[in-house]
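Below are the chains, spelled out letter by letter.
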Amino acid sequence: MVSITLAELADKLDAQLHGDGAVTINSLAGMNSAGEGQITFLSSPKYRKNLSLCRASAVMLKESDLSYCQGNALVVSDPYLAYAKVAQILDSTPACATDIAASAVVADDAVLGEGVAIGPNAVIESGALIGDGAQVGAGCFVGKGAKVGARTKLWANVTLYHEVVIGQDCLIQAGTVIGADGFGYANDKGKWVKIPQLGRVVIGDRVEIGACTTIDRGALDDTEIADGVIIDNQCQIAHNVSIGENTAIAGATVMAGSLKVGKHCIIGGASVFNGHMEITDNVTITGMAMVMRPITEPGMYSSGIPLQPNREWRKTAARVLKIDEMHKRLKELENQLDKQD
């Protein structure tokens, strides 16, 4: 267990300390469940009323909320960001691997940096390069010529196909597959002819990818994921997709081939993107959106029908099927009005 004094935390967060700096903090908890030795945070004024009942050893909050707190406090400009930083400081997640397991299979010409750890039954193929301090979890596969940057972590059963490039300080969660063939076929009189996928997947630094996500290799050029991108669980990124710096993609999103997504975008879960088009920088797309056309202006975009009671939804669906008929009738009425004028 990681322990730190409140004064030390204040120093690391550049926070104002109010109360006993000698108090020891060993974990985080929600405001309603936190107790002795734990720190919590208040990010919204609507929860101020809970401060009087909070039993945490300390609370991270804004200056405007300090008067409502009767115990120890750290005053910060952004409590939620402070929570994220404290979570990193107190993180007790175990390593993906320690040392090099006896059952790991490492090719003779693979290059391992200093302090590399490889878990049981992992396979590192010929010509692969594993950077200093990288961790390769149990059952992982790193294909021929693949590169894993320094301090990158691959959790159990991650698969990196040949020539895949992963940057430094990345985190790839369990079961993810990077560099499988894209969905490329030609049709020969009704029969599908496979097109071998000759590109790579190139991933930048500080990229995090959730569990069981798939990122396909390029058909000719590379599939590219830029620095700082975060991708949630069970997403599908097709061949030759390009994703710009610091874009965030929530779970179950599907991106078709040759899509280009800009920098600093936020994409809601279960969204679907057409291929061969471009999304500009600083776009936010709400969940379950169907993005069928390019987006050229920054801003927030949505699509889909919000949830309704079933009886109302059935009426809506029935009316949607009659839109074409209604449009024709409306045009006829407009034409009649035009003639009267």
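Everything quoted here is computed from the prediction, not taken from an experiment.

Topic: the overall build of the chain
Looking only at helices and strands, the chain has 4 helices and 38 strands in total. Here the C-alpha radius of gyration of the chain, 26 Å, is well above what a compact globule of 341 residues would show, namely 20 Å. The long-range fraction of contacts in the chain, counting pairs at least 24 apart against all pairs at least 6 apart in sequence, stands at 19%. Roughly 19,100 Å² of accessible area belongs to the chain as shown, and the carbon and sulfur atoms make up 52% of that amount. For the chain, the distance from the average site of its 29 positive side-chain charges to the average site of its 38 negative ones is 11 Å.

Section: the sheet that holds strand β19 (residues 171–172)
Sheet architecture is open: 10 strands sit in the order β10-β13-β16-β19-β24-β27-β30-β33-β36-β38, paired in parallel fashion. Single-partner strands in this sheet number two, and they are β10 (117–118) and β38 (299–301). Both strand β30 (residues 248–249) and strand β33 (residues 266–267) contribute to a ladder of 2 bridges, which runs parallel. Counted as the bridge partner of Ala248 is Ile266 from β33.

Digging into the UniProt feature "active site" (unreviewed entry) in the chain
Per the UniProt entry, the sites bearing "active site" (unreviewed entry) are His239 in this numbering. Position of His239 relative to the elements: it lies in the loop between β28 (236–237) and β29 (242–243). Setting aside anything within four residues of it in sequence, one finds His239 in contact with Gly182, Phe183, Gly184, Gln197, Asp216, Arg217, Gly218, Ala219, Thr223, Gly257 and Ser258. Among the polar contacts made by the side chain of His239, one reaches the side chain of Gln197 at a distance of 2.7 Å.

With respect to helix α2 (residues 79–89)
Three or more residues of α2 are buried, namely Pro79, Ala82 and Val86. Summarising the axial view, the buried residues of α2 lie within an arc of 55 degrees, below the 170-degree limit, and thus occupy one face. Projecting away from the buried face of α2 at angles above 90 degrees are the exposed residues Tyr80 and Gln88. Contacts made by the buried residues of α2 are with α1 (6–13), β4 (27–28), β5 (38–41) and β6 (58–61). Capping of α2 at its N-terminal end is provided by Asp78; its side-chain oxygen lies 3.2 Å from the backbone amide nitrogen of Tyr80.

Points about the state of the cysteines
Under the criterion given, the structure shown has 0 disulfides. Counting only cysteine sulfurs, Cys96 is the nearest neighbor of Cys170, a cysteine outside any disulfide, at a range of 12 Å.

What to know about the sheet that holds strand β35 (residues 278–279)
In space, the 9 strands of this open sheet follow the order β9-β12-β15-β18-β23-β26-β29-β32-β35, with parallel pairing throughout. Both edges of this open sheet fall to β9 (111–112) and β35, since each of them pairs with a single strand only. Bridge count between strand β23 (residues 201–203) and strand β26 (residues 223–225): 3 bridges; the pairing is parallel. Within β26, the position partnered with Ile203 by the bridge is Ile225.

Scoring rules and cut-offs
Residues numbered from 1 in each chain as written. Predicted model: local features only at pLDDT ≥ 70, side-chain atom pairs only at ≥ 80, totals over all residues. Heavy atoms only, no water. Helix = DSSP H or I, 4+ residues; strand = E, 2+ residues; numbered from the N terminus. Rg over C-alpha atoms; globule rule 2.2 N^0.38 Å. Contact = heavy atoms within 4.5 Å. Areas by Shrake-Rupley, 256 points an atom, 1.4 Å probe, with all protein chains shown as cover. Lys, Arg positive; Asp, Glu negative; His and termini not counted. Charge placed at Lys NZ, Arg CZ, Asp CG, Glu CD. Pairing = 2+ DSSP bridges. UniProt positions renumbered as here; feature names shortened; annotations may be inferred. Polar contact = N/O pair within 3.5 Å; in protein donor to acceptor, adjacent residues only side chain to side chain. Buried < 20%, exposed > 50% of the residue type's maximum accessible area, 1.4 Å probe, protein only. Arc of directions from axis to C-beta. Disulfide = S-S within 2.5 Å.

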